[in-house]
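Chains, contacts and geometry: an overview
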Amino acid sequence: MASRVEERNTLLSSYRTGSSGWDELVDGSGRIRPHWDFLIQSLESVGPAQLSFRQSEIRRFIRENGVTYNVFDSSGGREREWPLDIMPVLMDSREWAEIERGLIQRAELLDLILRDLYGPRRLIAEGHLPAEVIIEHGGFLRASNGLFPPDKRFLHFYAADLARGPDGKFLVISDRVQSPSGAGYALENRIVLSRTLPSIYRDSHVHRLALFFRSLRNHMSSMTGGGNRLALLTPGPENETYFEQAFLANYLGFNLVRGADLTVRDGRVFLKTLNGLRQVDGILRRVDDVYADPLELKGDSLLGAAGLMYAMRAGSVSVINPPGVAVIENPGLYPFLPAICKHLLGQDLRLESARTMWCGRDTESILGRLHDLVVKPISSNWENRAVNCRELSKGELDVLKSRIRSTPWSFVAQEVVSLSSAPLWMEDHFEPRKMVVRSYACARDDSFAVMPGGLVRVSPDPDAFVVTSQRGGVSKDLWILASEPEKQVSLISSVGETPLVRSSGEIPSSVADNLFWVGRYAERTEGLARILREILLRLAEFQRDDEGFAALLAALEIHVGPMDARDSAGMEKAATRLLVDAAVTGSVRWDVRALITAGRGLRERLSEDAWRTLNRIEPDLEKGELSPIDSVENVLLYLSSFSGFVAESMTRGQGHRFLELGRRIERTLLSLDLLLQVIAGEPSESVLELPLRIQNSYMTYRRRYKTKMDRAAVIDLLVFDESNPRSVAHQLLRLEELTRGLPDHKEAGRNPESRIARQGVALLRLAEETVRTPAEAPAFRELLIREKTYLRELSDTMTTHYFRYVETQQRLEAGEWSVTT
Amino acid sequence: MVRYHITHRTTYQYASQVSHCHNEAQITPRRTATQTPIDTRITVSPRPAMTSARDDYFGNRVFYFAVQEAHQMLEILSENVIDIMEPSGPSGREPVLPSSMPWEEVRAAANRTWDVRDFLMEASHVATGPDFADFASDCFTPGRPFLEAVWALNLKINNEIAYVPGSTNVSTSTFDVLRERRGVCQDFTHLALACMRSLGLPARYVSGYIESNRSGGRPHLQGADASHAWFGAWNPEIGWLDFDPTNKSMPYDQHITVSYGRDYADISPLRGIVFGGGKSVCRVEVSVQRQVASMSNS
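Residues numbered from 1 in each chain as written. Chains lettered and ligands numbered in written order. Predicted model: local features only at pLDDT ≥ 70, side-chain atom pairs only at ≥ 80, totals over all residues. Heavy atoms only, no water.

What about the overall build of chain B?
Using the following cut-off: Helix and strand assignments come from DSSP, with helices taken as H or I runs of at least 4 residues and strands as E runs of at least 2, each series counted from the N terminus. Residue exposure (1.4 Å probe, protein chains only): buried if accessible area is under 20% of the type maximum, exposed if over 50%, otherwise partly exposed. By definition in these notes, contact holds between two residues if any of their heavy atoms fall within 4.5 Å. All accessible areas in this document rest on Shrake-Rupley with a 1.4 Å probe, and a residue is counted as covered only by the protein chains that are shown.
On a plain count of helices and strands, chain B comes out with six helices and 13 strands. Counting every position in chain B, which comprises 298 residues, the buried fraction comes to 58%. Sequence-distant contacts, at least 24 apart, represent 77% of the contacts inside chain B between residues at least 6 apart. Roughly 11,800 Å² of accessible area belongs to chain B as shown, and the carbon and sulfur atoms make up 47% of that amount.

Quick word on the overall build of chain A
Within chain A, the secondary structure is distributed over 27 helices and 22 strands. For chain A, the proportion of its 821 residues judged to be buried stands at 61%. Excluding contacts between residues fewer than 6 apart, the proportion of contacts in chain A whose partners are at least 24 apart in sequence is 72%. Carbon and sulfur atoms provide 49% of the accessible area of chain A, an area that totals close to 32,800 Å².

What to know about the environment of A:Ala107
Residue and element names in this part refer to chain A. Mapped onto the fold, Ala-107 is located in helix 3 (residues 93-117). Accessibility expressed as a relative area gives 0% for Ala-107, which makes it buried. Spatially, the C-alpha atoms of Ala-107 and Asp-175 are 9.4 Å apart, while their sequence positions differ by 68 residues. With residues near it in sequence (within four places) discarded, Ala-107 still touches Leu-155, Tyr-158 and Phe-448.

Some thoughts on the confidence of the model for chain A
All names here are of chain A. Just so we agree on the cut-off: As a per-residue measure, pLDDT reflects the predictor's confidence and takes values from 0 up to 100.
Of all residues in chain A, 89% attain a pLDDT of 70 or more, and the chain-wide mean is 86. The least confident element of chain A is helix 27 (residues 817-820), whose mean pLDDT is 42; the most confident is helix 11 (residues 337-345), at 98. Across residues 72-77 the pLDDT falls below 50, and counting only partners more than four positions away or on other chains, this stretch makes six contacts in the model. The model gives residues 492-504 a pLDDT under 50, and that stretch makes 17 contacts with residues more than four places away or in other chains.

Looking at the packing of helix 20 (residues 654-678) of chain A against helix 26 (residues 777-803) of chain A
To characterise two packed helices, one gives the angle between the axes of the helices and the distance between these axes. Residues and elements named next belong to chain A. Stated formally: In this analysis, axes come from line fits to C-alpha atoms, helices being fitted only over the stretch in contact, and the angle between any two N-to-C directions falls in the range 0 to 180 degrees. We call two directions roughly parallel when the angle between them is under 35 degrees, roughly antiparallel when it is over 145, roughly perpendicular when it lies between 65 and 115, and oblique otherwise. For any helix crossing, the convention is left-handed if the near helix is rotated counterclockwise from the far helix by under a right angle, and right-handed if that rotation is clockwise. In this count, Pro and Cys sit with the nonpolar residues alongside Ala, Val, Leu, Ile, Met, Phe, Trp and Tyr, while Asp, Glu, Lys and Arg are called charged and the others, Gly among them, polar.
Look at helix 20 against helix 26: their axes get within 10 Å of each other, and the N-to-C directions meet at 155 degrees. Considered as vectors, helix 20 and helix 26 are oriented roughly antiparallel to each other. As for how helix 20 packs across helix 26, the hand of that crossing is left-handed. Residue-level inspection shows Phe-658, Leu-661, Ile-665, Thr-668, Leu-669, Leu-672, Asp-673, Leu-675 and Leu-676 of helix 20 in contact with helix 26, the latter providing Arg-781, Leu-784, Ile-785, Glu-787, Lys-788, Leu-791, Leu-794, Ser-795, Met-798, Tyr-802 and Phe-803. Looking at the contact of helix 20 with helix 26 residue by residue, the classes come out as 14 nonpolar, two polar and four charged.

A look at helix 1 (residues 37-46) of chain A
When helix 1 of chain A is considered as a whole, its buried residues turn out to be A:Asp37, A:Leu39, A:Ile40, A:Ser42 and A:Leu43. Buried-residue contacts for helix 1 of chain A involve helix 2 (48-64), strand 3 (89-92), helix 7 (198-203), strand 18 (430-444) and strand 21 (474-481) of chain A.

Quick word on the sheet that holds strand 15 (residues 387-388) of chain A
All names here are of chain A. So the rule is basically this: A pair of strands is treated as paired once DSSP finds two or more bridges between them.
Spatially, 13-16-14-15 is the arrangement adopted by the four strands of the open sheet, whose pairing is antiparallel. The open sheet has two free edges, formed respectively by strand 13 (356-358) and strand 15, since each of these has just one partner strand. Note that strand 14 (residues 373-377) and strand 15 share two bridges and pair antiparallel. By the bridge assignment, Val-375 is partnered in strand 15 with Val-387.

Quick notes on unusual backbone geometry
A cis geometry characterises the amide bond from A:Ile320 onward to A:Asn321, with omega recorded as -15 degrees. As for its placement among the helices and strands, A:Asn321 is situated in the loop between strand 12 (318-320) and helix 11. Note that the residue after B:Ser45, namely B:Pro46, is joined by a cis bond; omega there is 0 degrees. Among the structural elements, B:Pro46 can be located in the loop between strand 2 (35-45) and strand 3 (50-55). Backbone geometry at A:Asp266 places phi at a positive 50 degrees, although glycine is not the residue there.

Points about the packing of helix 23 (residues 711-720) of chain A against helix 26 of chain A
All names here are of chain A. Helix 26 packs onto helix 23 with a crossing angle of 15 degrees between their chain directions and a minimal axis gap of 14 Å. As judged from the angle between their axes, helix 23 and helix 26 are roughly parallel. Handedness of the crossing formed by helix 23 with helix 26: left-handed. Counted together, Arg-711, Ile-715, Val-719 and Phe-720 of helix 23 and Ala-777, Phe-780 and Leu-783 of helix 26 form the full contact between these two elements. Here the contact of helix 23 with helix 26 is built from residues that sort into six nonpolar, no polar and one charged.

Topic: the packing of aromatic side chains
To keep things clear, this is the line we draw: Only the six-membered ring of Trp is used, alongside the rings of Phe and Tyr, when aromatic pairs are assigned; centres must lie within 6.5 Å, and planes under 30 degrees apart are stacked while those over 60 apart are edge-to-face, with the rest tilted. Cation placement over rings: the criterion is NZ of Lys or CZ of Arg within 6 Å of the ring centroid and within 35° of the ring normal.
Inspection of the entire model under this criterion finds 30 aromatic pairs over all chains. Note that A:Arg142 overlies the ring of B:Tyr57, its terminal NZ or CZ placed 5.3 Å from the centroid. Here B:Arg117 stacks its cationic end above the ring of A:Trp409, 4.5 Å away from the centre of that ring.

A closer look at the interface of chain B and chain A
Spelled out, the test is: Two parts placed together each lose some accessible area under a 1.4 Å probe, and adding up what both lose gives the buried area. Here, a salt bridge means any Lys or Arg side-chain nitrogen found within 4 Å of an Asp or Glu carboxyl oxygen.
Residue-level contacts link 50 residues of chain B with 40 residues of chain A. Here chain B packs against chain A, burying approximately 4,100 Å² in sum over the two surfaces, 59% of which is carbon and sulfur. Among the residues chain B hides against chain A, the three largest losses belong to B:Tyr57, B:Trp114 and B:Arg117. Together they make up 20% of the total. At the surface where chain B touches chain A, the tally comes to four salt bridges. A salt bridge links A:Glu136 to B:Arg117; its shortest N-O distance comes to 3.1 Å.

Concerning the pairing of strand 18 of chain A
The side chains of a regular strand alternate, first on one face of the sheet and then on the other. All names here are of chain A. Burial analysis of strand 18 places 12 of its 15 residues in the buried class, which makes it a mostly covered element. Of the pairings in the sheet, the one linking strand 4 (residues 157-164) to strand 18 comprises six bridges and is antiparallel in character. Bridge pairing in strand 18 places Tyr-158 opposite Ala-441. Looking at chain direction, strand 17 (residues 421-425) and strand 18 are connected through five bridges and run antiparallel. Bridging across to strand 18, Trp-425 finds its partner in Phe-430. Between strand 17 and strand 18, which follow one another and run antiparallel, lie four residues, and Glu-427 among them has a positive phi close to 70 degrees. Pairing between strand 18 and strand 20 (residues 455-458): four bridges, direction antiparallel. Its bridge partner lying in strand 20, Met-435 is registered against Val-458. Of the pairings in the sheet, the one linking strand 18 to strand 19 (residues 447-450) comprises four bridges and is antiparallel in character. Looking across to strand 19, one finds that Ala-441 is bridged to Val-450. Two successive antiparallel strands, strand 18 and strand 19, enclose a turn made up of two residues, where Asp-445 displays a positive phi of approximately 50 degrees.

As for the pattern of salt bridges
What the rule picks out here adds up to 68 salt bridges over all chains. For the salt bridge of B:Arg54 with B:Glu24, the shortest nitrogen-to-oxygen distance reads 3.0 Å. Separated by 30 residues along the polypeptide, B:Arg54 in strand 3 and B:Glu24 in strand 1 (residues 2-25) bring together distant segments of the chain. Judged by relative accessible area, B:Arg54 falls into the buried class, the value being 12%. Residues joined by salt bridges that share partners form a network here, namely A:Glu523, A:Glu526, A:Arg530, A:Arg663, A:Arg667 and A:Arg726.

Description of the state of the cysteines
Residue and element names in this part refer to chain B. What counts, and what does not: In plain terms, two cysteine sulfur atoms within 2.5 Å form what is called a disulfide here.
Under the criterion given, the structure shown has zero disulfides over all chains. Not part of a disulfide, Cys-195 finds its nearest cysteine sulfur in Cys-139, a span of 7.9 Å. A relative accessible area of 0% means that Cys-195 is categorised as buried.

Structural notes on the side chain of A:Glu188
Residues and elements named next belong to chain A. Note the following rule: When charges are counted, neither His nor the chain ends are considered; positive counts come from Lys and Arg and negative counts from Asp and Glu.
Among the structural elements, Glu-188 can be located in helix 6 (residues 183-196). In this structure Glu-188 is buried but unpaired, with Arg-195 as the nearest side chain of opposite charge at 7.7 Å. With near-sequence residues (within four places) excluded, Glu-188 lies in contact with Phe-61, Val-67, Phe-243 and Phe-247.

Remarks on the environment of B:Pro130
With respect to the helices and strands, B:Pro130 occurs in helix 2 (residues 130-136). A C-alpha to C-alpha distance of 9.0 Å links B:Pro130 and B:Cys195, two positions 65 residues apart in sequence.

Some remarks on the side chain of B:Asp118
With respect to the element layout, B:Asp118 can be found in the loop between helix 1 (103-111) and helix 2. Taking the relative accessible area as the measure of exposure, B:Asp118 reaches 5% and is therefore buried. Ignoring any residue separated from it by four or fewer positions in sequence, one finds B:Asp118 in contact with A:Ile135, A:Arg142, B:Tyr57, B:Phe58 and B:Arg262.

Focus on helix 24 (residues 728-740) of chain A
All names here are of chain A. For clarity, the cut-off: In a helix, the anticipated span is given by 1.5 Å times the number of residues less one.
A rise of 1.5 Å per residue sets the reference length of helix 24, with its 13 residues, at 18 Å; its end C-alpha atoms lie 18 Å apart and thus fit the reference within 8%. Along helix 24, the positions that sit buried rather than exposed are Val-728, Ala-729, Gln-731, Leu-732, Arg-734, Leu-735, Glu-736, Leu-738 and Thr-739. Here the buried face of helix 24 lies against helix 20, helix 23, helix 25 (752-767) and helix 26.

Below you can see the structure in the form of structure tokens.
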């Protein structure tokens, strides 16, 4: 039997749901709704302290996995950790079944409307829909007219934001079709929560999400006639939901590509890979409609592929969703949907929209009662958003009215939507907060499949009127409770049914580029950290050795340019700054950021562990709880475990080769610079020790030569000794080996990279006998400089052959019109 | 009936190599009530790897081509044979205008006619607002017959806007034209559209060619041997009628229509996305030749 909230438990004792509005957890008389009973009882036995601990585990897990959402604010955009509340929202399957039917019907209806709008436009001609609602809508793309024959599906992926009114009925408050976000976050939320509350999750019999994603992949594959070369087109790492795009691409086994990775040739879409062009059959598009093709849509877009629309017309590629769908992200449609549903499907609209009036009709009577309505433009954009008239002054309201009068057709007025509330964990108790559910449907055969779950967002502010992630909402998982447990389905385990896409075989050039730089930055960070460690150790041991400090300063300058810190106090300050100050170009923190930025573009290629390790570095530096020396040790430890994870878990394909090449090139360049700065002349013994320590070869040296510091011996170990994994010779041999396996390149002829690496090795072997003694200092210097030249050439050659995948794209117009008339 | 041979050659010379390009050309004259394409042909050099044609939203012919071999020069040659019939309605420099309903009634009818909605909107080159309504107000006096009012606007633009080649470019707005009082045929046309639409009257951009320098005493026409632009005005009785504010006329048999649209952006003769190439120089040559009558097959 359901019990009243206040009769029990500590977790909910202060849960007060105001008088109006539906609450997901408790009913009007304050009783817990039956389908929540099991969860509440279970959480009760977990207890508030444990819950708080698990909530902090969620945060830790999310931080370490780099689950982020990019927020755009006055500071120019930053990454925010994805906020997930421990308490899911529950719904029983009977109630969900009704919503599911509604979503399917609505998706089918919107698909039919799209086919009509980009085809015969009967809905307008026959008066079911006012022309202005479509023709004046910013999302109506004339280039999409006639894109497909009307019997071909237009809408494939659909998302709806749902709000539950005081009567318990769900309403659609917005339709999302351009590039709906959040399905990946919903999946991530599920993964996190099922780990955090494993037994509760298991015993709650929650519908799994995996089948939905399998439907999506199967549908894309079937659309392309069984083609499985699928890609997710992302606007790039700066996009607010980049994390989930990378996450989804990885989960679905799609290549994550940007516009510049694609090219249209012979009416087909290709991915530029290290091995040349590879055709793409299907594209899951996360780039907004007008950016998809600069030829026919927004001419200055660099996010799409020129000629994509023609490839779509030719039927050589399927794009989900096709450009033009944004015309139905249009509240101007709402008043007309019930009748259109009757007309097209012969059914009543199951899932109603928020109560909406189109200002193009009965304008004056709407304006008369505007004060308690919400006004929205039919095409929303950043400048043009919903306004709650209750919040306007008399003057502002008059301005709005005259704007509406000038183009009444471009506005709607809606009644304020009442949102239901759901419990949000507040450190030690639950409080009700307003929520919105985003649900998803994907085309399947001739209908749609609905994700049994979704992304719930709640407002942290108890009096909020809208909930968006951009404005600081918190997310929740949505659990649809099955009457009995479901079988576990994972895309990975479904090899038998569906061919898995092994995207690792075809490496986009941009990915190789990023991997190369991950290698270089990882090595660079490590190099600087080693120098800083040496400085801090010497300072801690009060070693007053001016010559040594001068050499260390010179070593630092390799990384950060000219320095000014001529005494030990200044040295300590400088060292700390070079560790934690992200504003100093080349500092450890700056390098780590560069490393993460390069890595972000290939998040789906680095293992989770490798990624987690990288993401731990910055928070630790930021906290500043450790002493500088411990911080440096900490950074070095993270970097070495990052390298370990890469070595242990990255497949040995071309991707790994590029990362390794970046690392080796950087390591060689840094050693050459260090040797040039520190021992190319005639250094004292204490200075001779420095490169050994920085290059991690000190122990080897001691073992071999006991205490004697000899210049020739140091040089031998650091430069010529091929068996020392830190020596220049060893790096060059590895480079030679790595370059030999580089993919062939049409224009490059026979592997010039390998030739350069061989020359480097040969030069070193030739010089071995002649340059080790102090008398040969100038020749040694010369050798180091020549090797540096080879390394630079190697890096440049690779850049030219493999990374110049982005060509300048420009628009061509038929001249200034002064030449035409 | 007149038969024309029209050649429209566009040449791009690039500073450096273009690796490939995707283009759309709108340079094929469409079929209209008074115009019949007899033979149309587009030749591109270097030879495109891919071509395709479609009718756009406004019913214009759009030719797509992709050149995939490296090139430093691109040439698009459009050759057309077109028959033009003399219009039965008003035309020429002193058109005899039939009686028409008051312009306010055209506005009311436009509101009820969904398929002219596109031509009432602002467009990227056509602003609307009181400035334009004011400019046209002495033409559109209350109750004035529609065709008379539009003809008056056509004359007013010709009289008050100076024809100054090179004074404007594709980024010139209708506000600039109104303020500077000068421009070329595109500006004249965009201004006319701005005025019409600001008054709630459907009007469309027409792009095409015009015959020039004919021997036999006809006056020289502006915009000759180049692309030309004029506008169409809609009314529920006749449909669309064309006006040429640059030449103070209504087209008779010397205007050849290529495309219709909301403004220049919808009909620009050539657009493309080019990879590489650096700076480019574009040359356009148009020739419009009337065929000697005896050669015609009609």
